[in-house]
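Here are the chains, one letter per residue:
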Amino acid sequence: MSIANQLESNFSAQRSWSLRRQLGIPNNKKLWVCACMDERLPVDEALGIHSDDGDAHVFRNAGGLITDDAIRSAMLTCQFFGTEEIVVLNHTECGMMSSTGEELVAILEERGIGLDGAGIDPTLPELELPAGALARWIRTFDDVDEICRQQVAHLRNHPLIPSHVKISGWVWEVENRRLRPAGERLSQRVNTKEEMGTTHVGHHETLGAA
Ligand SMILES: [Zn+2]
């Protein structure tokens, strides 16, 4: 390849990268990820992607929850930027399971922080939280598998998210750096005879019938 051709090829790649949104080029995996902000959740490792090299749009917040801004971002990437798949990524030992919203609000009040009329978007003051809604807005939760399933359902049922978009929910186990589908707690099926019993018998029956 001539130098000129090589340079043209390099520039073409640079152009495609730099002008992706203008040219309507989606991210490499046509993927939007909603993940918790926790420092122990390595999104790229968990999903086997390279988001820093253009593989996905990654949205992170406390809990990895489908909030108003998550809906806004998901809508934009799916409706206008070519995204065709969504992955919700929650994780074990999430800080959002360490208190209730009411407890956190009580602490804020103890600190003398005025909570009445708290705005949630500086550019949309009309989105003021109604009285007593702050605890729910913080959105703590009790069960990571259950909350993961709920986020998938919120997206699946939202009119701004196209029905053809594939949506799945996964839980990153910080204690062993593994990913599981929401609800598939393998670690609860391996520790006692009782846990193993049903699976073991079922396995043999299946083998015997084969
Ligand atoms: Zn978390």
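Everything numeric in this text was worked out from a predicted model, so none of it was measured.

Another point: the overall build of the protein. Each helix and strand counted, the protein has 8 helices and 5 strands in total. Ordered by position from N to C terminus, the α and β elements of the protein give α-α-β-α-β-α-β-α-α-α-β-β-α. Scaling as 2.2 N^0.38, a compact globule of 210 residues should have a C-alpha radius of gyration of about 17 Å, whereas the protein reaches 22 Å, well beyond that. Overall, the C-alpha framework of the protein stretches about 70 × 65 × 30 Å when taken along its three principal axes. Counting over 210 residues, the protein shows a buried share of 21%. Once local pairs closer than 6 in sequence are excluded, the contacts in the protein between residues at least 24 apart make up 69%.

What follows concerns the sheet that holds strand β4 (residues 166-173). As a general point, the strands of a sheet are linked pairwise by backbone hydrogen bonds and lie either parallel or antiparallel. Spatially, 5 strands are ordered β2-β1-β3-β4-β5 in an open sheet, and the strand pairing comes out mixed. Looking at strand neighbours, the two that pair on one side only are β2 (57-61) and β5 (178-181), the edges of this open sheet. Recorded for the sheet is a direction-independent mean angle of 25° between the axes of neighbouring strands. Here strand β1 (residues 31-36) runs beside β2; their pairing, made up of 5 bridges, is parallel. By the bridge assignment, Val33 is partnered in β2 with Val58. Most of the contacts of helix α7 (residues 144-156) go to β4, to which it runs at about 160°, and overall it touches β1, β3 (85-91) and β4.

To continue, consider the nonpolar core. Counting 32 residues, the largest nonpolar core has Trp32, Val33, Cys34, Ala74, Val87 and Leu89 as the members making the most contacts within it. No other element matches β1, which puts 6 residues into this core. With near-sequence residues (within four places) excluded, Trp32 lies in contact with Ala56, His57, Phe59, Ala74, Thr77, Cys78, Thr83 and Ile86.

In this section: the domain arrangement of the protein. Per the domain assignment, the segments of the protein are domain 1 (26-98 + 142-184) and domain 2 (99-139). Taking the mean C-alpha position of each, domain 1 and domain 2 sit 25 Å from one another.

Looking now at the environment of Asp143. Secondary-structure assignment places Asp143 in the loop between α6 (134-138) and α7. A C-alpha to C-alpha distance of 59 Å links Asp143 and Ala4, two positions 139 residues apart in sequence.

One can expect most non-glycine residues to show negative phi and most peptide bonds to be in trans. Positive phi is not limited to glycine here, since Arg139 has a value of about 65°. Tracing the sequence through the fold places Arg139 in the loop between α6 and α7. Its identity is not glycine, yet Arg177 carries a phi of approximately 50°, on the positive side. Within the element layout of this structure, Arg177 appears in the loop between β4 and β5.

Further remarks concern helix α1 (residues 3-18). With 16 residues, α1 should reach 22 Å at 1.5 Å per residue; the first-to-last C-alpha distance of 22 Å fits that figure. In terms of burial, α1 is a largely surface element, 0 of the 16 residues being buried.

Definitions and cut-offs
- Residues numbered from 1 in each chain as written.
- Predicted model: local features only at pLDDT ≥ 70, side-chain atom pairs only at ≥ 80, totals over all residues.
- Helix = DSSP H or I, 4+ residues; strand = E, 2+ residues; numbered from the N terminus.
- Rg over C-alpha atoms; globule rule 2.2 N^0.38 Å.
- Buried ≥ 20, exposed ≤ 12 C-beta atoms within 10 Å, placed from the backbone.
- Contact = placed C-beta atoms within 7 Å.
- Pairing = 2+ DSSP bridges.
- Axes fitted to C-alpha atoms, helices over the stretch in contact; angles between N-to-C directions.
- Core = buried A, V, L, I, M, F, W, Y, C linked by C-beta atoms within 7 Å.
- Domains from an automatic or database assignment.
- Expected span 1.5 Å × (residues − 1).

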